[in-house]
Amino acid sequence: MDNIPSAAQVTSWLVTGRILFLLIHVLGVAGFFYIVARRLVPLFRAERDFRFDQPLVRLGRVLKFWLGQWKQPRYKLAGTLHIFIFAGFILLAIRAFSVLIVGVSQNFVMPGLSGSAGPIYNIITDYAATIVLLCMVIAVVRRLVFKPARYAVPARYGKAHTADAIFLLSLIAILMVADSLFAASKAAAPLGPGQAAEALAAFSLPWMLQKVLVSASVPTLGRLYFGVYLLHELTFYFLLCYRPFGIQFHVETSLFNVYFAKLDREILKPVRWGVSDEHLDQVKSFGVKTFEDFTWKHMLDFYTCADCGRCSDNCPSNAVGRPLSPRFLTIKARDYAFRHYPVLGRASNGATLIGSKDSGGIYSEDEIWSCTTCGACEAECPLLVEYIDKIVDLRRGMIDDGNVPQSLQKPLKALESRGNPYGKMEKKKADWTNAKEFQQICPVKTVGKSNGADTLYFVDSITSYDDRMQSIGRATAKILNHVGEDFGILGAAERDSGHEVRRFGEETLFMALRDHNVDAIKASGVQRIITSDPHTYNALKHDYKDVPPVEHISQVIAREVKAGKIRFDPIADNKDNANRVYAYHDPCYLGRHNQIYDDPRDVLDAIPGLKRVEMKRSRDRSFCCGGGGLMLFYEPKEEQRMGVKRVQMAAEAGANVMVTACPFCMVNIEDAIKVAGMEGKMTAIDLTELVDQQIARLSPDLKEERASEIKECVAVSESASRLE
Ligand code: SF4
Ligand code: SF4
């Protein structure tokens with residue numbers, strides 16, 4: 001180092017390096033903090049959000065999802081590249097800081113790195129800079145040559161961001177080269193006069209550059225040293241101040257976004273944080289109508305999105321051409337924030353988000369109604385960006401303004417007056433139990449004050465009223481009966497659980513349905529609840545309070561199989577089943593939203609001779625069948641049905657039977673089989689129906705009879721209209 005003057009000592013244009021670099025530091029840091037302060041303005045005008053609880057749990061998540069980059073390997077190549085770049089950045093952070101200080105204080109050494117740790121750290125960072133540079137080159141080649149589809153920007157969402165991405169990647173590459181040249185020129189200088197030089201990591205970029213520079217004269221190396229130092233400083237601060245203008249802002253915000261991420265993802269955000277249900281009548285406006293109605297955390301999400309496209313790549317609505325792409329929900333909101341809260345100039349707020357571009361809107365109504373709340377986007381996002389709460393909040397805003405799609409008006413009215421979306425009479429709710437043969441083998445009691453039971457089977461609307469789905473109700477009741485469960489139903493006292501009503505933004509109607517059901521459940525005196533509908537399960541478990549513990553029937557069956565109370569006959573005993581290959585379709589509200597993946601699979605695997613294959617998209621990457629509840633009444637614009645795509649996935653996996661554990665999946669999948677022209681090649685069956693069919697309790701004749709009963713049921717449903 002004695003061979004060439006340090007950057008701080010060099011005098012150029014009558015200004016010493018020390019003064020020049022001090023000036024750059026002050027301007028760079030001040031500029032960065034000013035820009036970030038301006039970016040924070042909308043967050044201070046936003047709605048409240050309670051994210052300050054459980055600091056240790058949150059820190060644990062920072063270690064896992066931020067420092068550990070937990071979700072990155074879900075995309076192997078891009079994820080691995082990101083992990084290397086991230087690790088390189090973390091390792092280089094101390095070196096970058098030291099390099100910055102050396103410009104004003106040439107003898108500065110980071111505390112802890114003055115002894116033998118210093119050279120070891122330098123060797124590690126030599127390799128880190130080399131690897132980051134290599135990753136940048138690969139990333140640029142991927143973007144320019146291979147062009148992964150998920151980075152594409154459809155015309156309706158604006159222009160591609162490739163140029164910006166390449167520009168940023170190039171800046172990082174320049175930083176790495178400058179850093180390496182800086183180290184190489186410093187290390188090469190003593191070699192000319194034959195002195196001992198600082199050891200560089202073999203085959204690292206600084207090491208290779210040193211080999212090239214070794215013949216250069218000391219004055220040349222001195223000029224190079226100063227030049228690359230200046231380049232490093234300018235690039236560093238330019239990057240620092242440029243990042244808050246685009247996707248690279250996530251470098252600053254991601255740690256905070258992960259720390260403040262929602263801990264209980266299944267519980268929908270309240271209409272207003274800090275306002276209890278009893279005081280909701282005092283809230284003047286429900287939901288999100290303007291940008292400032294978003295919570296500060298949701299705005300932080302907008303700033304944090306890295307535009308990686310993984311959410312949209314997994315979004316079923318996007319896959320079937322509905323006008324929804326979660327990635328662009330975020331990008332459009334971020335662009336809105338940048339436009340309305342500029343770094344220079346006055347903030348302008350208050351425009352309505354839903355509506356035409358001319359009126360200042362950024363979202364269309366269809367876009368917001370197209371979401372099935374399947375949760376695939378949230379499961380995928382490496383930065384834990386949230387979507388469902390935002391979409392439900394936007395729907396709450398539309399409902400509050402009376403902006404309800406035509407096709408949803410009738411079912412919503414029926415839910416209000418009759419407690420179910422079909423407008424059927426309450427007294428018909430238990431009609432599914434009246435089939436003569438069924439009553440003989442499995443009488444189902446209606447629980448109430450004078451007729452108690454340990455367990456409540458909460459049936460919900462679709463299984464109670466839909467001719468085809470009633471088969472799921474009867475199969476469930478028979479399984480409960482088989483394992484000796486003392487159970488009953490609420491019958492006419494049961495209202496729709498309101499799961500979808502809530503997710504469609506009708507909070508007041510949901511509260512009325514919930515309160516009615518809670519009163520009825522409490523009056524029945526039951527100790528626990530079982531349901532065969534994952535939407536009901538999710539509602540009772542997460543949206544209701546003060547009700548007994550709830551289980552999905554697949555959990556009950558799995559437990560009873562393990563306990564030996566349920567045993568199965570071999571699949572081949574039923575000649576229709578002998579050559580079948582089964583694929584289990586994870587319902588979103590059982591799998592992704594409640595992590596019940598293994599129980600249904602364990603049950604299937606316990607059936608002797610059952611051949612099961614796994615679809616490529618399964619478990620937390622399951623592909624939504626099209627959505628349940630009110631989604632059945634909404635006809636979004638789409639190029640293809642989600643269910644059709646799902647059935648094709650099952651066929652590609654080699655299955656000819658799709659097993660599900662949700663009545664809504666059954667509706668969508670059976671429709672899709674017909675639409676796809678796959679009748680005769682693919683069938684669908686609910687887990688309860690299959691279990692009921694295979695349970696070891698019947699004589700072979702009776703079993704055949706039961707199988708044809710299910711077949712008849714399916715045939716009836718094919719000719720009957722499902723929805724009145
Ligand atoms: S929201 Fe998450 S997954 Fe989607 S583009 Fe942004 S960072 Fe990627
Ligand atoms: S919840 Fe599902 S449908 Fe809605 S945006 Fe996310 S991935 Fe798409």
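Criteria and cut-off values
- Residues numbered from 1 in each chain as written.
- Chains lettered and ligands numbered in written order.
- Predicted model: local features only at pLDDT ≥ 70, side-chain atom pairs only at ≥ 80, totals over all residues.
- Heavy atoms only, no water.
- Near = heavy atom within 4 Å.
- Helix = DSSP H or I, 4+ residues; strand = E, 2+ residues; numbered from the N terminus.
- Axes fitted to C-alpha atoms, helices over the stretch in contact; angles between N-to-C directions.
- Parallel < 35°, antiparallel > 145°, perpendicular 65-115°, else oblique.
- Left-handed = near helix turned anticlockwise from the far one by under 90°.
- Contact = heavy atoms within 4.5 Å.
- Nonpolar A, V, L, I, M, F, W, Y, C, P; charged D, E, K, R; others polar.
- Pairing = 2+ DSSP bridges.
- 1 Å grid on protein atoms, 1.4 Å probe; cavity = no way out; pocket = protein on both sides within 12 Å on 5 of 7 lines; lining within 4 Å.
- Points joined across faces, edges and corners; volume = space filled by probe spheres on them.

Engineer: What am I meant to see in the site of ligand 2 here?
Structural biologist: Ligand 2 sits among Cys315, Pro316, Ser317, Leu324, Pro326, Cys371, Thr372, Thr373, Cys374, Gly375, Ala376 and Cys377. When residues of the shell around ligand 2 are traced back to their parent elements, those giving at least two are α11 (316-319) and α14 (376-380).

Engineer: Is there a simple way to explain the packing of helix α8 (residues 250-259) against helix α9 (residues 296-304) in this structure?
Structural biologist: Angle between the axes and distance between the axes are the two parameters that describe a pair of packed helices. It is at 8 Å that the axes of α8 and α9 come closest, and there the two elements cross at 140 degrees. Classified by the angle their axes make, α8 and α9 are oblique. Read as a crossing pair, α8 and α9 show a hand that is left-handed. Where α8 approaches α9, its residues His250, Thr253, Ser254, Phe256 and Asn257 are matched on the opposing element by Lys297, Leu300, Asp301, Tyr303 and Thr304. Residue composition of the contact of α8 with α9, by class: 3 nonpolar, 5 polar and 2 charged.

Engineer: Help me understand the sheet that holds strand β11 (residues 683-686), please; the structure alone is not making it clear to me.
Structural biologist: Here we have 4 strands laid out as an open sheet, ordered β9-β8-β10-β11, and parallel in their pairing. Whereas interior strands pair on both sides, the edge strands pair on one side only; in this sheet they are β9 (611-613) and β11. Sheet twist, expressed as the average angle between the axes of neighbouring strands with direction ignored, equals 35 degrees. Against the sheet, helix α26 (residues 663-675) engages β10 (657-660) and β11, with an angle of about 170 degrees to β11. Here helix α27 (residues 687-694) sits on the sheet and contacts β8 (581-584), β10 and β11; the angle it forms with β11, its principal contact strand, is near 80 degrees.

Engineer: I'm lost on empty space enclosed by the protein in this one. Help?
Structural biologist: Which parts of space are left empty comes out when a probe the size of a water molecule is rolled across the atoms. Counting across every chain of the model gives 7 cavities of 30 Å³ or more. By volume, the largest cavity is sized at about 130 Å³. Forming the boundary of the largest cavity are 16 residues, of which Pro421, Asp496, Glu500, Gly629 and Phe664 lie nearest the centre. Only α18 (461-465) and α20 (499-503) provide two or more residues apiece to the lining of the largest cavity. Considering each element in turn, the lining of the largest cavity owes the most residues, 3 residues, to α20. Counted by class, the lining of the largest cavity contains 7 nonpolar, 5 polar and 4 charged residues.

Spatial relationships are all this shows, so hold off on functional conclusions.
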